[in-house]
Amino acid sequence: MPPRKRYAGMTKSNKELKPSADSASPDIDKSPELSDQKHKDKEAEFVALCKSLHVTDLVCEHAWALWKTVQESMDAVNESQKKLWGACLFVTVTDTDAGCFTLTQVLKAINMNFKQFLDLVRQLDVNMDTISTKVNAALTRLEKKFDVMLALYQRFEKTCKNIFALTPNGKERETMRTCWTMFLLAKGRALQMEDDLVISFQLLLCTLELFIKRCCPDLLQPLYGSSISRVRSPVTRTSRRSQCKAKSRPAEPEVDVQLLETLCKENECNVEEVKNVYQTSFLAFLDSLDLSRAPDFPQVTDVNQQYEEHYLKSREIDGRLFFDGDETVLASTAETIQVEQTPTKNQQDEEEVPIPPQTPIRAAMTSIQLLRGELPSSGDQPSTKLTTYFRNCTVDPTQAVQKRLEMLGQLFSQKFGEAVGPRCVAYGRQRFALGVRLYYKVMEAMLKSEEKRLSVQNFSKLLNDATFHTSLLACALEVVMATYEESSFKNGRYSNGGSDHAGTDVCFPWILNVFNLAAFDFFKVIESFIKAEPTLSKDIIKHLETCENLIMERIAWRKDSPLFELLRQEQEHESGAAEQVETPASFSQPLQHNHTAADLYLSPVRPGQRILPLESPVTPPSQSTSQPAPQASCQPHTQVTSQAPRQAKSNSLSLFYKKLYRLAYTRLKTLCSYLLSSHPELEPIIWTLFQHTLQHEYDLMRDRHLDQLMMSAMYAICKVKSVDLRFKSIVSAYKNMANTNQETFKHVLITKDQYDSIIVFYNQVFMQKLKTNILQYASTRPPPLSPIPQMPCSPYKFPNSPLRVPGSNNVYISPMKSPRMSPGIMTPRSRMLVSIGESFGLANRFQRINQMVNSSKHAHKRTLDFDPAPKPLKRLRFDVDWQDEADGSKPGGDSTLIQKLTEMSSTRSRMQEQKIKEDTESRKE
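**Details of the overall build of the protein chain**
What the protein chain contains, in helices and strands, is 40 helices and 4 strands. Looking at the protein chain as a whole, 53% of its 925 residues are labelled buried. The long-range share in the protein chain, meaning contacts at least 24 apart out of those at least 6 apart in sequence, stands at 76%. Summed over all atoms, the accessible surface of the protein chain reaches about 42,700 Å², with 51% contributed by carbon and sulfur.

So, in structure tokens, the structure goes:
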């Protein structure tokens with residue numbers, strides 16, 4: 001019997017609850033009063049909480065129903081009921097877009113810290129139907145916005161200590177409070193995407209500039225007091241004619257360039273970018289408040305009132321509470337130490353050289369500086385060498401390249417403004433200009449490599465390929481965008497596993513949507529881009545590798561992807577797609593290959609067979625890709641040329657499937673280690689079914705996720721092999737894997753425009769499609785097992801990347817990329833750096849390193865990707881009345897509680913054993 005899904009009553013009621021026009025109003029006081037008569041069945045304290053938050057009768061009703069569902073599902077209620085009630089009210093209001101209260105108001109009502117509240121709401125996700133993907137996305141967005149605001153306030157406090165002098169009457173605190181509130185208002189009005197750290201920080205510097213030059217000199221430190229002397233110079237007298245012109249067309253207020261440069265230098269920020277923010281966004285904000293020409297400070301009451309309106313409309317966090325040190329927004333001591341802790345050189349025998357803390361803002365500013373420093377000084381024009389390559393082409397691509405850049409530049413800036421803010425188009429142009437410089441630089445490096453490889457200088461076909469240029473430009477822009485956005489909060493860019501919705505943010509795959517570029521075409525350029533640009537940081541390489549994985553997992557499998565058409569064409573020319581895209585024998589071959597971007601973009605259309613020199617270790621371009629490239633490149637030259645010519649095959653498709661199989665097996669192996677360590681014989685069988693699905697039934701991937709097929713294959717094999725593994729256990733373990741999202745198992749395509757849970761997908765789609773194949777594994781003559789792919793390290797490891805010291809799991813060495821990079825800039829937080837060749841001090845400093853490396857606690861944290869204590873398996877509503885998903889049977893003699901405890905203990909033990917095993921293997925390496 002196929003597994004059945006249990007629907008919670010709360011889900012249906014939530015769908016029936018439609019937000020009204022009045023409920024979305026930011027005016028909370030206008031919410032209708034709760035009726036005590038309608039809520040006699042509820043606890044009086046819960047109704048009182050609802051009244052204090054001005055919720056409607058409908059919201060109160062559904063929040064109570066959610067509470068009853070949570071109460072039944074939770075094993076134990078560790079938190080107070082009032083806190084859980086607040087969480088239920090927040091979930092209900094978020095799900096229904098009912099504008100009843102702000103996040104700060106509910107935190108105040110239940111006396112809870114923001115971070116603690118986020119953890120509590122996520123704990124409610126104990127089954128399939130409690131927390132929707134909409135609520136989960138809202139939590140992720142709120143958390144990133146909070147992190148950005150906290151980082152900005154911490155920098156604001158430190159900067160103000162260097163700007164304002166202490167006074168007996170506390171005048172500087174009043175000035176700082178008004179400045180902070182005005183910045184919050186400016187950020188809220190100028191930016192749609194308020195979690196943009198870099199632009200928000202630049203707006204903060206603009207606000208500080210305004211307050212400094214209008215501040216009394218007695219309130220300023222000497223550095224800034226001397227910077228504003230020019231602004232206080234006497235105003236020259238103007239003629240009446242000039243005065244008349246000024247009245248008809250008000251002149252823009254003068255920007256104190258010297259003061260702005262001082263601020264930017266002290267905060268390691270690019271002054272030209274800050275000037276642009278000042279002229280485009282900040283001046284428009286001042287004009288909206290009629291403050292651009294006012295000589296005095298803005299009125300505190302006016303600024304407070306206008307920010308109050310903005311905060312109530314957003315219904316989120318009141319940013320003013322950061323200045324007040326309110327408990328609801330205070331960061332925990334552990335988080336503060338983690339952000340601020342950085343090793344410093346402080347020995348008695350050495351000169352004290354403090355290393356500045358690696359805060360989010362400092363990391364972002366440093367990354368941007370390094371990116372700008374590595375780009376060529378030729379600007380947004382191709383270099384002389386690149387121009388020569390263009391002229392050597394049979395058809396000169398220069399005009400087509402320039403026209404394409406102009407068109408895509410306008411499109412990029414427009415979409416950037418739509419996503420970030422209406423006045424942010426100019427910032428988009430700045431970032432596009434940086435992307436163009438990187439695009440030209442990488443293209444030149446690629447062509448030089450191809451010239452050396454093929455001994456040719458005419459690349460007309462490649463350089464006149466529009467898809468190649470668009471993909472290369474998109475990759476360069478993604479590097480720029482990641483440098484600006486990714487440097488501060490590493491987990492903030494993949495909240496939805498690669499969202500399909502354009503315009504909501506500028507995270508990957510936003511750039512693909514902007515350029516209308518197929519993810520499969522973007523995939524072709526990633527590896528060549530990384531190899532052609534050796535100055536990319538480790539974080540950026542990791543980011544591009546993550547983009548590549550997202551493409552293989554889901555984005556390349558969208559219904560309109562060219563991948564399906566290419567698979568269809570290949571299948572028509574061969575007996576099956578598998579033999580074409582990847583031969584089973586090549587699974588055990590290394591992942592390294594010799595295909596460049598030129599091979600991939602021109603594939604499968606190949607030039608005539610080319611005979612390369614004997615000393616060339618490169619695979620001839622015309623050679624069939626049905627054989628692994630590394631193996632062919634190692635064969636003698638006579639063996640290569642003596643083979644009979646075969647029909648050209650797609651290098652890009654072959655490489656895609658080669659990497660896809662390795663990614664798929666890596667994820668499957670991880671999941672099996674958590675759930676099936678006592679049944680190791682099942683892993684190759686599950687892999688065989690999984691690989692068969694990708695090979696022959698690849699249409700099941702259309703608009704779906706790779707992990708959905710993986711979990712379904714695991715469940716299917718366990719059922720036919722009579723191994724008791726339920727879907728709720730699979731999902732619980734899956735949530736502990738890296739780079740996963742609950743939408744993967746909650747929101748699965750069933751039929752056109754119909755989505756449901758992973759269990760419904762298995763019953764109605766996966767099992768129906770593969771029933772015959774699945775049953776074969778229960779017979780005495782099962783299908784032959786698929787070879788296990790070789791699992792190499794990441795292909796993106798180059799000499800400039802940090803390399804682990806042999807025999808140690810926590811010590812890495814890395815050459816300095818340029819003399820401009822000081823050890824202070826390169827030092828990651830909470831690690832120690834030794835620069836060979838400089839004085840390091842006494843031997844006790846090396847002893848400190850040895851203690852750090854040998855610390856079992858530190859080593860354990862460094863080698864595990866997951867929390868030390870695995871999360872308990874929560875009750876998932878896959879089953880009805882405790883029936884098993886597959887056969888409808890009920891549990892045996894043991895009680896439900898004992899069964900659950902046994903299952904939790906067994907899974908926890910398997911996960912801990914696997915982590916210890918991984919730790920041991922890592923130490924051996």
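**Topic: the packing of aromatic side chains**
Evaluated as defined, the whole model comprises 36 aromatic pairs. Ring geometry for F146 against F322: centres 5.6 Å apart, planes inclined by 40°, an arrangement best described as tilted. In this pair, F146 is assigned in helix 7 (residues 133-163) and F322 in helix 15 (residues 320-324), connecting sequence segments 176 residues apart. For F146, a relative accessible area of 0% puts it in the buried group.

**Here we look at the packing of helix 31 (residues 651-675) against helix 32 (residues 682-696)**
Put simply, helix 31 and helix 32 touch, their axes get as near as 11 Å, and they point 145° apart. Helix-helix and strand crossings are classified by hand; for helix 31 and helix 32 the assignment is right-handed. Across from Y657, L660, Y661, A664, Y665, L668, K669 and C672 in helix 31, the residues of helix 32 making contact are E683, I686, W687, F690, Q691, L694 and Q695.

**Some details on the pattern of salt bridges**
Counted by the stated rule, this structure contains 32 salt bridges. For D521, the salt bridge goes to K524, with nearest N and O atoms at 3.2 Å. Placement of both D521 and K524 in helix 24 (residues 519-532) is noted, with a separation of 3 residues, approximately one turn of the helix. Judged by its relative accessible area of 15%, D521 falls in the buried class. Here K524 falls in the buried class, since its relative accessible area comes to 9%. By sharing partners, the salt bridges in this structure join K115, R122, E143 and D147 into a single network.

**What to know about the nonpolar core**
The biggest cluster of nonpolar side chains holds 239 residues, and the ones touching the most others in it are F515, F529, F656 and M714. Take this core: its biggest share by element is 14 residues, from helix 31. Not counting chain neighbours up to four residues away, the residues in contact with F515 comprise L408, L411, F412, F432, T470, L473, A474 and L477.

**Remarks on the side chain of E533**
Tracing the backbone through its elements, the reader meets E533 in the loop between helix 24 and helix 25 (538-553). A distance of 3.1 Å separates polar atoms of two side chains, one belonging to E533 and the other to K441. Contacts of E533, omitting those with residues within four sequence positions, involve L438, K441 and V442.

**Here we look at the pairing of strand 1 (residues 748-751)**
Relative to strand 2 (residues 754-756), strand 1 runs antiparallel, the two being bridged by 3 bridges. The residue of strand 2 that forms the bridge with L749 is Y755.

**So, the environment of K42**
Looking at the element boundaries, K42 is found in the loop between helix 1 (9-16) and helix 2 (44-52). C-alpha of K42 to C-alpha of W64: the two residues are 22 residues apart in sequence and 7.6 Å apart in space. The contacts of K42, once residues within four sequence positions are left out, are V47, C60, E61 and W64. Here D41 takes part through its side chain, which lies 3.2 Å from a polar atom of the side chain of K42. Of the polar contacts made by the side chain of K42, one reaches the side chain of E61; its length is 3.0 Å.

**Looking at the packing of helix 9 (residues 197-213) against helix 17 (residues 360-374)**
Orientation of helix 9 relative to helix 17, taken along the N-to-C sense of each, is 100°, at an axis distance of 11 Å. Considering the angle they form, helix 9 stands roughly perpendicular to helix 17. Judged by residue contacts, L197, V198 and F201 of helix 9 engage P360, I361, A364, M365 and I368 from helix 17. Among the residues forming the contact of helix 9 with helix 17, the class breakdown is 8 nonpolar, no polar and no charged.

**Quick word on helix 36 (residues 758-776)**
Helix length check: helix 36, at 19 residues, gives a terminal C-alpha distance of 23 Å against a target of 27 Å (1.5 Å per residue), a shortfall beyond 12%. At L770, helix 36 shows its maximal bend, which comes to roughly 65°. Of all the positions in helix 36, only I758, I759, V760, F761, Y762, N763, V765, F766, M767, L770, N773 and I774 are classed as buried. Lining the buried residues of helix 36 we find helix 32, helix 33 (706-720), helix 34 (727-734), helix 35 (743-746), strand 1 and strand 2.

**Some words on the confidence of the model for the protein chain**
When the pLDDT values of the protein chain are averaged, the result is 75; 64% of them are 70 or greater. Within the protein chain, helix 29 (residues 629-634) has the poorest average pLDDT of any element, 32, and helix 33 the best, 96. Here residues 588-592 scores under 50 on pLDDT; set against residues more than four positions off or in separate chains, the count is 15 contacts. When the criterion is pLDDT under 50, residues 818-831 qualifies, and its contacts beyond four places in sequence or with other chains add up to 28 contacts.

**A short note on unusual backbone geometry**
The peptide bond linking F508 to P509 adopts the cis configuration, its omega dihedral lying at 10°. Here P509 is to be found in the loop between helix 22 (466-485) and helix 23 (510-515). In this model, D753 sits at a positive phi of 60°, which is unusual for a non-glycine residue. On the secondary structure map, D753 appears in the loop between strand 1 and strand 2. Residue D753 is classed as exposed on the basis of its relative accessible area, which comes to 66%.

**Digging into helix 8 (residues 171-190)**
For helix 8, built from 20 residues, the straight-helix expectation of 28 Å at 1.5 Å per residue is met to within 8% by its first-to-last C-alpha distance of 29 Å. Of all the 20 residues making up helix 8, 15 are buried; the element is thus mostly covered by neighbouring parts of the structure.

**Description of the state of the cysteines**
Inspection of every chain in the model, using the stated rule, returns 0 disulfides. C547 takes part in no disulfide bond, and the closest cysteine sulfur, belonging to C475, lies 8.0 Å away. We classify C547 as buried; its relative accessible area is 0%.

**A look at the environment of M711**
Within the element layout of this structure, M711 appears in helix 33. Judged by relative accessible area, which is 0%, M711 ranks as buried. Residues M711 and L668 lie 43 residues apart in sequence; the distance between their C-alpha atoms is 8.4 Å. In this view, M711 contacts L671, F727, I730, Y734, T744 and F745; residues no more than four positions away in its chain are not counted.

About the thresholds
- Residues numbered from 1 in each chain as written.
- Predicted model: local features only at pLDDT ≥ 70, side-chain atom pairs only at ≥ 80, totals over all residues.
- Heavy atoms only, no water.
- Helix = DSSP H or I, 4+ residues; strand = E, 2+ residues; numbered from the N terminus.
- Buried < 20%, exposed > 50% of the residue type's maximum accessible area, 1.4 Å probe, protein only.
- Contact = heavy atoms within 4.5 Å.
- Areas by Shrake-Rupley, 256 points an atom, 1.4 Å probe, with all protein chains shown as cover.
- Phe/Tyr/Trp six-rings, centres within 6.5 Å; stacked < 30°, edge-to-face > 60°.
- Axes fitted to C-alpha atoms, helices over the stretch in contact; angles between N-to-C directions.
- Left-handed = near helix turned anticlockwise from the far one by under 90°.
- Salt bridge = Lys/Arg side-chain N within 4 Å of Asp/Glu carboxyl O.
- Core = buried A, V, L, I, M, F, W, Y, C linked by side-chain atoms within 4.5 Å.
- Polar contact = N/O pair within 3.5 Å; in protein donor to acceptor, adjacent residues only side chain to side chain.
- Pairing = 2+ DSSP bridges.
- Parallel < 35°, antiparallel > 145°, perpendicular 65-115°, else oblique.
- Nonpolar A, V, L, I, M, F, W, Y, C, P; charged D, E, K, R; others polar.
- Expected span 1.5 Å × (residues − 1).
- Bend = angle between axes of the 7 residues up to and from the residue.
- pLDDT = per-residue confidence, 0-100.
- Disulfide = S-S within 2.5 Å.

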